[in-house]
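The residues making up each chain are set out below.
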Amino acid sequence: MPIGFVQIRVGIAGPLSLDGLDYWVPMATTEGYWIASTNTGCKAIRASGSATTLLLKDAMTRAPVVRFPFAKRTSQLKFFLENHSNFQSLADIFNKSSRFGRLQSIQCSIAGRNLYIRFSCSTGDAMGMNMVSRGVENVLDFLQNEFPDMDIIGISGNFCSDKKSAAVNWIEGCGKSIVCEAVIKEEVVKKVLETSVASFIELNMLRNLVCSAVAGALGGFIAHASRIVSSILVATGQDPAQNVEGSHCITMMEAANDGKDLHISVTMPSVEILGPSCTIARFQVSGFALLSYIWEEMNVGLGPQHGREGTVGGGMQLAPQAACLNLLGELSLMSAIAAGQLVESHMKLSPPRDQ
């Protein structure tokens with residue numbers, strides 16, 4: 001039962017120049033230097049133009065596990081589900097419980113006489129886990145009539161795969177799959193980030209790519225994506241456990257414009273996040289309302305969905321903003337490492353207890 005609450009510091013990162021608009025994004029963190037570091041990245045992006053994002057896929061997943069007496073019978077259901085001529089009828093059954101959720105694909109995997117069925121569903125502004133689960137229940141009820149000897153073991157069989165690091169999320173994606181990129185001008189790299197384009201590229205290759213491979217990383221070819229994703233989830237009253245799959249990311253840094261400038265990109269295949277425009281729990285509504293009040297006091301506005309630039313929007317906006325903030329975080333942390341300033345910045349801006 002609830003017994004109280006815990007206070008946590010919330011800061012505002014921005015203005016975040018993204019796709020031609022400026023945003024202010026909330027970040028909850030116990031490390032004060034981190035918001036300052038992110039704002040350094042914001043400054044570098046603004047001085048160079050704007051970051052751009054591309055939504056590659058919108059597909060929340062749920063994967064029930066069912067069992068038959070024999071593997072032969074299990075394979076018959078697998079072939080039925082993967083038959084393209086059956087997809088539309090299954091989609092109609094899946095979609096009937098939601099105004100927004102739409103079935104995108106069905107992927108099956110057999111282990112003996114057990115079948116794991118991975119449903120992927122577009123969810124719009126919603127994170128969509130409940131939305132896809134309801135749709136899966138609809139399909140399971142239908143399949144139970146068509147395959148009466150099917151035993152439903154559980155609506156979630158871990159092939160989803162929710163709140164855990166899994167290759168299927170890294171390869172296939174889950175939630176919002178996003179690419180964010182920017183070109184940082186040479187003079188900005190030198191003056192704002194206090195390093196060089198060549199140093200960025202070498203450090204990214206040796207640290208984020210090669211050393212991550214040496215460590216056996218699964219979807220973590222990055223500096224620290226988890227910190228960004230977690231800070232937004234906590235600040236907006238969402239489930240911080242979803243930073244696990246949300247931290248799947250690869251950071252690329254390459255020379256651009258005849259080697260003078262820096263092209264940086266982050267690819268995040270499984271960002272699971274929602275926005276204030278969808279129906280959410282009361283404490284989440286309260287969190288967004290408080291942030292909106294703060295932004296109004298700052299004369300920031302209520303966001304482009306209200307005709308002005310400003311705050312976070314729905315999941316279709318907040319997920320790209322999270323990806324862009326991650327890009328800024330990668331940019332800022334990597335510049336601190338390349339310039340030899342990492343320890344100094346931690347000691348200067350962290351609370352005394354951390355020293």
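Residues numbered from 1 in each chain as written. Predicted model: local features only at pLDDT ≥ 70, side-chain atom pairs only at ≥ 80, totals over all residues. Heavy atoms only, no water.

Thoughts on the overall build of the chain
Across its full length, the chain holds twelve helices and eleven strands. A buried classification covers 50% of the 355 residues belonging to the chain. Surface summary for the chain: the accessible area is close to 16200 Å², and the carbon and sulfur share equals 55%. (Helix = DSSP H or I, 4+ residues; strand = E, 2+ residues; numbered from the N terminus. Buried < 20%, exposed > 50% of the residue type's maximum accessible area, 1.4 Å probe, protein only. Areas by Shrake-Rupley, 256 points an atom, 1.4 Å probe, with all protein chains shown as cover.)

Remarks on the side chain of T29
If you trace the backbone, T29 turns up in the loop between β2 (21–28) and α1 (32–48). Aside from chain neighbours lying at most four places away, what touches T29 is R9, W34 and I35. (Contact = heavy atoms within 4.5 Å.)

Some points on unusual backbone geometry
Cis geometry is found at the peptide bond from G14 to P15, where omega equals 0°. Among the secondary structure elements, P15 is positioned in strand β1 (residues 10–18). Put simply, C160 and S161 share a cis peptide bond, and its omega is 0°. Looking at where S161 falls in the secondary structure, it is placed in the loop between β7 (151–154) and α5 (167–172). Look at D19: it is not a glycine, yet its phi comes out positive at around 50°. Along the polypeptide, D19 turns up in the loop between β1 and β2. Of note, the phi angle at K163 is positive, near 60°, even though the residue is not glycine. A relative accessible area of 34% means that K163 is categorised as partly exposed.

Remarks on the pattern of salt bridges
Scanning the model with the defined rule gives eight salt bridges in all. A salt bridge links K176 to D58, with the shortest nitrogen-to-oxygen separation between them at 3.3 Å. Within this pair, whereas K176 is found in strand β8 (residues 175–184), its partner D58 is found in strand β3 (residues 52–62), the two being separated by 118 residues in sequence. On the accessibility criterion, K176 (2% relative accessible area) is buried. Between R67 and D151 there is a salt bridge whose closest N-O contact spans 3.6 Å. With R67 in strand β4 (residues 65–67) and D151 in strand β7, this residue pair connects regions lying 84 residues apart in the sequence. Here R67 falls in the partly exposed class, since its relative accessible area comes to 29%. Each of D162, K163 and D239 takes part in one network of salt bridges that share partners. (Salt bridge = Lys/Arg side-chain N within 4 Å of Asp/Glu carboxyl O.)

So, the environment of E146
Checked against the element boundaries, E146 lands in helix α4 (residues 129–146). Sequence separation of E146 and L77 is 69 residues, and the distance between their C-alpha atoms is 9.6 Å.

Some remarks on the packing of helix α3 (residues 84–95) against α4
α4 packs onto α3 with a crossing angle of 125° between their chain directions and a minimal axis gap of 7 Å. When the axis of α3 is compared with that of α4, the two are oblique. For the element pair α3 and α4, the recorded crossing hand is right-handed. Taking contact as the criterion, the partners of L90, I93 and F94 in α3 are, on α4, V132, G135, V136, N138, V139 and F142. (Axes fitted to C-alpha atoms, helices over the stretch in contact; angles between N-to-C directions. Parallel < 35°, antiparallel > 145°, perpendicular 65-115°, else oblique. Left-handed = near helix turned anticlockwise from the far one by under 90°.)

Topic: the pairing of β1
When you tally the buried positions in β1, you get seven out of nine residues, the bulk of the element. Looking at chain direction, β1 and β2 are connected through seven bridges and run antiparallel. Its bridge partner lying in β2, V10 is registered against A28. Here β1 hands over to β2 after two residues, with D19 in that stretch at a positive phi of 50°. (Pairing = 2+ DSSP bridges.)

Section: the packing of aromatic side chains
Any pair of aromatic rings gets described here by the distance separating the centres and the angle formed by the planes. Applying the stated rule across the entire model yields four aromatic pairs. Between F80 and F147, the ring centres sit 5.6 Å apart and the planes meet at 70°, which makes this aromatic pair edge-to-face. With F80 in helix α2 (residues 71–82) and F147 in the loop between α4 and β7, the pair connects residues that are 67 residues apart, well separated along the chain. An aromatic cluster of three or more residues is present, and its members are F68, F80 and F147. (Phe/Tyr/Trp six-rings, centres within 6.5 Å; stacked < 30°, edge-to-face > 60°.)

Focus: helix α8 (residues 225–235)
Among the eleven residues in α8, eight count as buried, and that is most of the element. Along α8, the positions that sit buried rather than exposed are A225, I228, V229, S230, S231, I232, L233 and A235. Of the residues trailing α8, G237 is marked for its positive phi of about 70°.

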